[in-house]
Amino acid sequence: MKYSRQRELILQAVQRHPVHPTADMVYESVRMAEPKISLGTVYRNLNLLAENGTLQKLSMPLGGDRFDGRLEPHSHIICINCGQVCDVESTAFSSADHSVEEQTGYIVTGRTVVYSGLCPNCRNHKKTEG
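What you see is a predicted model, and the numbers here were worked out from it, not measured in a lab.

### Let's talk about the pairing of strand E3 (residues 75-79)
Most of E3 is tucked away: 4 of the 5 residues are buried. By the bridge criterion, 4 bridges tie E3 to strand E4 (residues 85-88) in an arrangement that is antiparallel. Note on E4: the bridge partner recorded for Ile77 is Cys86. Remark: 5 residues form the turn of the hairpin made by E3 and E4, two consecutive strands paired antiparallel; Gly83 in that turn has positive phi of roughly 85°. As defined by bridge partners, E3 adjoins strand E5 (residues 114-117) across 4 bridges and the pair is classed as parallel.

Have a look at this one:
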């Protein structure tokens, strides 16, 4: 892939964003440094970076796609109230992968796990309301 200043800004925006940003969030962030960038350019480059493995595209059950600059295997949890997405570390998946391989004959090369629930902030907010 050829170097592009806009693509580099988009990648950096995802990598430094702590909340697994949407394309719109990346667009708003990149526009500060590159005011003439279009939302379409952001979408195209995010998808290109995901396709070539430079970042992860997370298809969320609640809302639009999110993007993650962290490439090592991990899962995610999304708040059903505010939509915040956080990383989840788990070592239990390696034994599940082995079990899936034994049952199916496949070789597991990846997995997507997205938990859902209430984040601590929303959970505490609901406690004070009730």
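### Quick look at the environment of Gly105
When you line up the elements, Gly105 lands in the loop between helix H4 (93-104) and E5. Linking Gly105 and Arg31, residues 74 residues apart in sequence, is a C-alpha distance of 47 Å.

### A few points about the side chain of Ser29
By secondary structure assignment, the location of Ser29 is in helix H2 (residues 23-33). Excluding anything up to four places from it in sequence, Ser29 contacts Ala13 and Arg16.

### Concerning the packing of helix H1 (residues 5-16) against helix H3 (residues 39-51)
Two elements in contact, H1 and H3, have axes whose closest approach is 10 Å; the angle formed by their N-to-C orientations is 70°. As far as their axial angle goes, H3 and H1 are roughly perpendicular. Residue-level inspection shows Gln6, Arg7, Ile10, Leu11 and Val14 of H1 in contact with H3, the latter providing Thr41, Val42, Asn45, Leu46, Leu48 and Leu49. Classifying every residue of the contact of H1 with H3 by side-chain character gives 7 nonpolar, 3 polar and 1 charged.

### What to know about the pattern of salt bridges
Here the structure, examined in full by the defined rule, presents 7 salt bridges. Ionic pairing is found between Glu72 and Arg70, a salt bridge with its closest N-O pair at 2.4 Å. Glu72 gets classed as partly exposed once you look at its relative accessible area, which sits at 41%. A relative accessible area of 21% places Arg70 in the partly exposed class. A salt bridge links Arg70 to Glu89, with the nearest nitrogen and oxygen atoms 2.7 Å apart. With Arg70 in the loop between strand E2 (66-68) and E3 and Glu89 in the loop between E4 and H4, this pair connects stretches of sequence that are 19 residues apart. Through salt bridges that share partners, Arg70, Glu72, Asp87 and Glu89 make up one connected network.

Rules used in this analysis
Residues numbered from 1 in each chain as written. Predicted model: local features only at pLDDT ≥ 70, side-chain atom pairs only at ≥ 80, totals over all residues. Heavy atoms only, no water. Buried < 20%, exposed > 50% of the residue type's maximum accessible area, 1.4 Å probe, protein only. Helix = DSSP H or I, 4+ residues; strand = E, 2+ residues; numbered from the N terminus. Pairing = 2+ DSSP bridges. Contact = heavy atoms within 4.5 Å. Axes fitted to C-alpha atoms, helices over the stretch in contact; angles between N-to-C directions. Parallel < 35°, antiparallel > 145°, perpendicular 65-115°, else oblique. Nonpolar A, V, L, I, M, F, W, Y, C, P; charged D, E, K, R; others polar. Salt bridge = Lys/Arg side-chain N within 4 Å of Asp/Glu carboxyl O.

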